[in-house]
Amino acid sequence: MNRFLVVFDVDSTLIQDEVIELLAEEAGKRAEVAAITEAAMRGEIDFADSLRARVATLSGLPESVIHSTYERVRLTPGVTTLIEHIHSVGGLVGAVSGGFAQILQPLAERLRVDFHLANQLGVLDGKLTGGVDGAIIDKSAKAAALVRWAAESGIAPSNTIAVGDGANDLDMMNKAGLGVAFNAKPVVRERANVVVDLVDLAELIPLFR
């Protein structure tokens, strides 16, 4: 196939976890944060508002929780095989997340991802501030990242694929030539071109023969 770009959501797509919930567990707020996450993924509340509310629960945690949380992250089955296959047939891989750059950076290096973008957790004097530094990576920012990475790589929009599971991924799936719902919420399944229910990213390999 022609040169192409595949952009993945991260939490519950490239990895099995929701990183904000792992962090919130350190603050004893996992149940509270998980409920907000679920509502945002279903599209019931604005993502940016939900992110601010969830990150606020982390205020005062030591910066060291970022590393300990990264160590707990579980890769989704098939992710390494899929990315290796995409690269082997001339594709590029992007990862864009409503989660956090401090987790995505080492993850992207580990998985050999070509492009990545996520929110920056606020840190001051060795502790989490409970805020996000810079612009929030919401659904429009995810879509813009896909368009920008494709343009930088000389790849036509029709040769882009977006893979995600939540309402925050819908805009980038709409911008892509192909939208793939992976282990996704009903609102995403309804609007995707391809639906994959088995939680194994290797199931996507036939799309890139």
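The structure we're discussing is the one just above.
Residues numbered from 1 in each chain as written. Predicted model: local features only at pLDDT ≥ 70, side-chain atom pairs only at ≥ 80, totals over all residues. Heavy atoms only, no water.

(A) Main features of the nonpolar core. Judged by nonpolar contacts, the single largest core of 49 residues is most densely connected at F8 and L204. Looking at this core, the element that brings in the most residues is helix α6 (residues 101-111), giving six residues. Here L204 is in contact with F8, L82, V163, V180, F182 and V196, once residues within four sequence places are set aside. Of all hydrophobic cores here, the second largest spans 23 residues; its members include A150, L170, A184 and A192. (Core = buried A, V, L, I, M, F, W, Y, C linked by side-chain atoms within 4.5 Å. Buried < 20%, exposed > 50% of the residue type's maximum accessible area, 1.4 Å probe, protein only. Helix = DSSP H or I, 4+ residues; strand = E, 2+ residues; numbered from the N terminus. Contact = heavy atoms within 4.5 Å.)

(B) Region of interest: the packing of helix α4 (residues 64-72) against α6. With their axes 9 Å apart at the nearest point, α4 and α6 run at an angle of 40° to one another. On the basis of the axis angle, α4 is oblique to α6. The interaxial crossing formed by α4 with α6 has right-handed handedness. For the pair α4 and α6, contact is made by I66, T69 and Y70 and by Q102, I103, P106, L107 and R110, respectively. (Axes fitted to C-alpha atoms, helices over the stretch in contact; angles between N-to-C directions. Parallel < 35°, antiparallel > 145°, perpendicular 65-115°, else oblique. Left-handed = near helix turned anticlockwise from the far one by under 90°.)

(C) Local environment of the pattern of salt bridges. According to the stated counting rule, one finds twelve salt bridges in the structure shown. In this structure, R30 engages E21 in a salt bridge whose closest nitrogen and oxygen atoms are separated by 3.7 Å. Relative accessible area serves as the criterion here: at 32%, R30 is assigned to the partly exposed category. The class for E21 is buried, based on a relative accessible area of 10%. The salt bridge partner of D169 is K142, with a shortest N-O separation of 2.6 Å. Here D169, found in the loop between β5 (160-164) and α8 (170-175), pairs with K142, found in helix α7 (residues 139-152); they are 27 residues apart in sequence, far enough to count as distant. Of the two residues, D169 and K142, both sit in the buried class. (Salt bridge = Lys/Arg side-chain N within 4 Å of Asp/Glu carboxyl O.)

(D) Highlighting the environment of V93. By the element assignment, V93 lies in strand β2 (residues 91-100). The exposure class assigned to V93 is buried, which follows from its relative accessible area of 0%. Considering only alpha carbons, one finds V93 and F115, 22 residues apart in sequence, at a separation of 6.5 Å. When neighbours within four sequence positions are excluded, V93 is seen to be in contact with L5, V6, F8, I83, I86, H87, V113, D114 and F115.

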